[in-house]
Amino acid sequence: MLSELGSTGNRATGPSCRGEKVTDNFSAPRQRDVSEDRQEQPHWLVRELLRQNGRRHSVTLGDEAEIMRRQHRSIDSTRSLCSLKGEFCTHMLQNYKEKEETERRSKQVAFTLPATMKALCHGISIVNIHSTHDGTIVSVREDGVVCYWSPELKPLKTKHMFNDGPANRKSKWASDFTLMTEFNKLMIGTGDREIQLYELSTLEPYCQINALDTVPLTLDYGYTGPDKCCILYGDTDGCVTIILISSVGDTLRLWNKLPKIENMPNIAVDNAALSPKVTFVRWKVHHNWVTQAKYFHSFQAVVSSSNEESSSLVIDAEQQLSEIREACYEGKTKKVQLSWIPQLRALGDQTVFTIYKGVKTFDLCHKHSLLVTGGMDRLVRMWNPHFSGKPTGILRGHSAPIVYLHIVSEDSQIFSVSTDNTVKIWDIQDQHCLFTADPKASGIHGDMSACSYSSAMKCVYIAADCMAVLSLKIRPQLHSRLTVSHNEIVMCCGYSEEFRQVVSCTEGSVVKVWDFDTGHQVFEFGGTNDLSATTCMTFDPKGRRLITGGRDGCLKIWNFNNGQCLKTLKKEGECHEVCDCIFLQVHRNFYVMSVGRDRKIDIYPDIPEDLHHVQRPQPSWQDDLTNGHQEDILCVAQCPPSLLATSSYDGEIIVWNVVSGRIQCRFVSPLLAENLNVEGLDTSVPSIIFLKDSKLQHLFSATALLSSGAMGCVNLWNVLSGGKFVGSFKASRFQQKITKLAKTETLLYAADRIGYIYVYNIEKFAPERKSPRAENLWRAHTSRITGLQIVDNDQVVLTSSTDYTVRLWSAHGEFIGTFGQSESWGVHISSSWKHPAVPYEVLIDPLSMPDHEILNANTHLSDAINPDETGAHRGVAKSETHSKLRLPPTSISDTDIEED
């Protein structure tokens, strides 16, 4: 077949069988013999030609052109495939990033700032801090004063432990102390080369070991078994002395009966070494002062550190210490131990770490097989404790020498403290900083002298110019039947019709995207330290882009499907918190508008093709500069095509013409007669909504405005013809502030700050009737509702609250579910809803219980609403509106209850 193909090669110089014209440029290369033709056409090409062309036995120029076209198509297909591969890789990277962000947020930790502090006016350094199992904090000063503190740093007991010596001798000073909690003892090392033991509960003297060869600079204690312990101390000679005691109770009772010196039963160290069941070992470990010495029972090892580099940290072998312990505990005949010349360790008996500038502090963790060291070079080094060659990780971030380290094994975290009072929390796995409490934020000042972490209280205690405690923010332990959407307060929520997705934003700047039809989470982003708390949100008209406002005064435009920040909208100079934002259209132009605590309206043109990442607002309207709001603006609403309304903290509402930028009308929320003398009355207007072309022509002409008023009222305004007040009605049965308003064509939904939603028929509004009947009401949340949106096409209600949840309801108040719950729902499949069940926390909340005199025998319902209100407010809360009202947790219509 190939021969046949080759033999026809000479015909390629003429026109092909398809009659295609050959140019001179193409004919020249074809003048070749059969062997050349065979070499020129690869086998795969010949086979492909035979397959594609029905085994035609000629290779012509026409075929070559066809081949070229096919090759181009193949290239295009390859490029398309590469493009798909690129998109797939991007998708996978984004998914990985999402999981990474979710994992990072699950590790988020923080201190409550500023620190809780107790002033220290004595000016004497505290040598160390320890905590007992019940959280009691014990501190010892250099002058021997022991102080017991509550976990909140309330002084519980103080005692001076050192009696004044002879007049010609300087006062005694404490070098370090530790607690022997299993034996109820407090142990103090002194500058007089003593180790003193006191009763931990009474602080009465018990016994002491004196005449030590050196001053015990650092003390530690380890419980090694029933009635067994290990006491060790490091000294100024670089030696570590280990005291192993079996039958601790009998040994200490024996020492307690010895003759007293300065009111303390006393035994010289030489005699103590000869005591039964006691072993003294002194090792020469370092060439400089020992900065820390600790016994780790999980490793059965002694670890010590020094500021000199050649032996910065030394771990004594487990086997060697175990053999010494066995010799002691088995009661074998001891050789004379009165030679206090320190023993040098064989290299095989210890692991030596050489670290630049030495080690001031360290900690060891058996669970993670991790050693951490810190010192003068401001680095936290992570080591495999069995290998001293190179650290497994280096944590950078401190700008002063590190003086305290602690590994929290159960949380896989490292706490580090530096001399400038900066406290950092690190993640062991990711080796990055989770949180930093700098002195400016914590308020801790002065020279630090001691530091300790209490695992019982999850607090860091620091002694400087004051005694301070940094408490970890503990996430609330939820009941097993409780479901939350976020781990923090939800500030707002919204629905994108384009993607059928719900977006919710939190105080910690976390944005979650939910599947509207199932309630499951699709994506989440944000929550990083560089992002401010999110306070409000809106979508562009197509529902494709998300706009969020923050406490830092910035607006951000997001692609919420991948978490990409497309643009930042920001004023120049000082920025104040954004309280509300909307996306509005004026003629053919689109704008993002925001209001907030700077009391001005900021308008940003929406120009997607503008590639500048940061965009500035347009110049403010002249009326806004001269006649605008005098207080913080809380809310903004648009009435197409040209009206805009803003409301402020002082109760003022201004209606603007967005085309001219001029004020159309302004009005201040009126007060009902019974509210005129209420002290500290909240007159703010957190929510406003326009009613346009409604069927209430006799009330509002063409355009009306509804606003939240004082004591749970909703006010009605006629906007046109200069604007006038039409009427007011009590929307909240508890007289609680209405925080959100939403509407359908005929219904008004009002949500209050204790979680109730009320539904009113707009067509039944009448000025002569102060409080129209609610068509429906139900308890949606247990605290302030921060988001309320009606999804008309699906006849459902979307809500969010400061109780950490985002929920979906039918238009009649039937509970569909909480976003983030384990079970899926179908918006149009009622059998998949939670109804007739209600949220568990709503069910058990006191405000959801029926208001009956038997149930309120000790606690009034009104007291539960406002436990800290003044007497005047309580009087109002007990009005007849809800003195007999039954308040069920499920939805209910007025046909089922009696009006008061």
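Scope of this entry: the structure provided in the associated data block. (Residues numbered from 1 in each chain as written. Predicted model: local features only at pLDDT ≥ 70, side-chain atom pairs only at ≥ 80, totals over all residues. Heavy atoms only, no water.)

### Overview of unusual backbone geometry
What counts is decided by this rule: Secondary structure elements are taken from DSSP: a helix is a run of H or I of four residues or more, a strand is a run of E of two residues or more, and numbering for both begins at the N terminus. Relative accessibility decides the category of a residue: with a 1.4 Å probe and only protein chains considered, values under 20% of the type maximum give buried, values over 50% give exposed, and everything between is partly exposed.
Between P640 and the following residue, P641, the backbone shows a cis peptide bond with an omega angle of 5 degrees. Of the consecutive residues H835 and P836, the connecting peptide bond is found in the cis state with omega at 10 degrees. Inspection of the secondary structure assignment puts P836 in the loop between β59 (815-818) and α12 (840-844). Even without being glycine, Q431 reaches a positive phi, approximately 55 degrees. With respect to the helices and strands, the residue Q431 is situated in the loop between β27 (423-427) and β28 (432-437). Judged by its relative accessible area of 32%, Q431 falls in the partly exposed class. Notably, Q735 is not glycine yet its phi reads approximately 55 degrees, a positive angle.

### Thoughts on the pattern of salt bridges
Applicable threshold: Take a side-chain nitrogen of Lys or Arg and a carboxyl oxygen of Asp or Glu: if they are within 4 Å of each other, that pair is a salt bridge.
Considering all chains together, one arrives at 34 salt bridges under this definition. Residues D598 and K571 are paired through a salt bridge, measuring 2.8 Å at the closest nitrogen-oxygen approach. With D598 in the loop between β41 (589-596) and β42 (602-605) and K571 in the loop between β39 (564-569) and β40 (578-586), the pair connects residues that are 27 residues apart, well separated along the chain.

### Considering the pairing of strand β23 (residues 380-383)
The test is simple: By definition, two strands form a pair when at least two bridges between them are found by DSSP.
Burial along β23 is two-sided: V380 and M382 and R381 and W383, pointing in opposite directions, are all buried. Bridge analysis of strand β22 (residues 370-374) against β23 gives four bridges, and the strand direction is antiparallel. Residue pairing in the sheet places V372 in a bridge with M382 of β23. Counted along the chain from β22 to the antiparallel partner β23, the turn is five residues long, and its residue R378 has a positive phi close to 70 degrees. Looking at chain direction, β23 and strand β24 (residues 393-395) are connected through three bridges and run antiparallel. By the bridge assignment, R381 is partnered in β24 with I394.

### Overview of the packing of aromatic side chains
Selection criterion: Two rings belonging to Phe, Tyr or Trp (six-membered ring only in the last case) form a pair when the distance between their centres is within 6.5 Å. Interplanar angles under 30 degrees mark stacking, angles over 60 mark edge-to-face geometry, and anything in between is tilted.
Scanning all chains against the criterion turns up 22 aromatic pairs. Aromatic pair F415 and Y453: ring centres 4.8 Å apart, planes at 35 degrees, arrangement tilted. With a gap of 38 residues between them, F415 in strand β26 (residues 413-418) and Y453 in strand β29 (residues 450-454) connect regions that are remote in the sequence. On the accessibility criterion, Y453 (6% relative accessible area) is buried. Note on W621 and W656: the rings are 5.5 Å apart at their centroids and 45 degrees apart in plane angle, and the pair reads as tilted. With W621 in the loop between β43 (614-615) and α10 (622-627) and W656 in strand β46 (residues 652-657), this residue pair connects regions lying 35 residues apart in the sequence. Classification of W621 by relative accessible area gives buried; the value is 15%. Here W656 falls in the buried class, since its relative accessible area comes to 0%.

### Let's talk about the sheet that holds strand β1 (residues 116-119)
For clarity, the cut-off: Lines are fitted to the C-alpha atoms to define the axes, a helix being fitted only along its stretch in contact, and any angle between axes, read from their N-to-C directions, falls within 0 to 180 degrees.
The four strands are arranged β1-β31-β30-β29 in an open sheet whose pairing can be described as antiparallel. The open sheet has two edge strands, β1 and β29, and neither has a second partner. Averaged over neighbouring strand pairs, the angle between their axes works out to 15 degrees when direction is ignored. Pairing analysis gives five bridges linking β29 to strand β30 (residues 459-463), with the strands arranged antiparallel.

### Thoughts on the side chain of N421
The line we're drawing: N or O atoms within 3.5 Å of each other form a polar contact, as long as, within protein, one can give a hydrogen and the other can take it, and as long as residues adjacent in sequence are counted only when both atoms are side-chain atoms.
Tracing the chain through its elements places N421 in the loop between β26 and β27. Here N421 falls in the buried class, since its relative accessible area comes to 3%. Engagement of the side chain of N421 in a polar contact is seen with the backbone oxygen of G446, the distance being 3.0 Å.

### Remarks on the side chain of S442
Positionally, S442 belongs in helix α9 (residues 439-442). Looking at S442, the relative accessible area reads 0%, which means it is buried. A polar contact is formed between the side chain of S442 and the backbone nitrogen of I444, at a distance of 3.3 Å.

### So, the sheet that holds strand β34 (residues 510-515)
In spatial order, the strands read β32-β33-β34-β35; together these four strands make up an open sheet with antiparallel pairing. With one partner strand each, in any of the chains shown, β32 (490-496) and β35 (521-526) form the two edges of the open sheet. Going across the sheet, the axis of each strand differs from the next one's by a mean of 15 degrees, ignoring polarity. The pairing of β34 with β35 spans five bridges and is classified as antiparallel.

### Structural notes on the environment of D682
For clarity, the cut-off: In what follows, a contact means two residues having at least one pair of non-hydrogen atoms within 4.5 Å.
Structurally, the position occupied by D682 is in the loop between β47 (662-668) and β48 (688-692). With 33 residues separating them along the chain, D682 and Y649 place their C-alpha atoms 8.6 Å apart. Look past the residues within four positions of D682 in its chain and what remains in contact with it is A710 and K737. Side-chain polar atoms of D682 contact the side chain of S684, separated by 2.7 Å.

### Some words on helix α6 (residues 248-256)
Counted only if it meets this: Directions pointing from the helix axis toward each C-beta atom define the arc.
Buried residues of α6: V248, G249, T251, L252 and W255, and no others. Angularly, the buried residues of α6 cover 165 degrees about the axis, an arc narrow enough to put them on a single face.

### Quick look at the pairing of strand β8 (residues 194-199)
Summarising burial for β8: six of the six residues are buried, a large majority. Neither face of β8 is left uncovered, since the one carrying E194, Q196 and Y198 and the one carrying I195, L197 and E199 both have all their residues buried. Where strand β7 (residues 185-190) meets β8, six bridges bridge the pair, whose relative direction is antiparallel. Paired with L186 across the two strands is Y198, which belongs to β8. Counting the residues that bridge the hairpin from β7 to β8 gives three residues, and of these R193 lies at a positive phi of roughly 60 degrees. Taken together, the four bridges between β8 and strand β9 (residues 205-210) define a ladder with antiparallel strand orientation.

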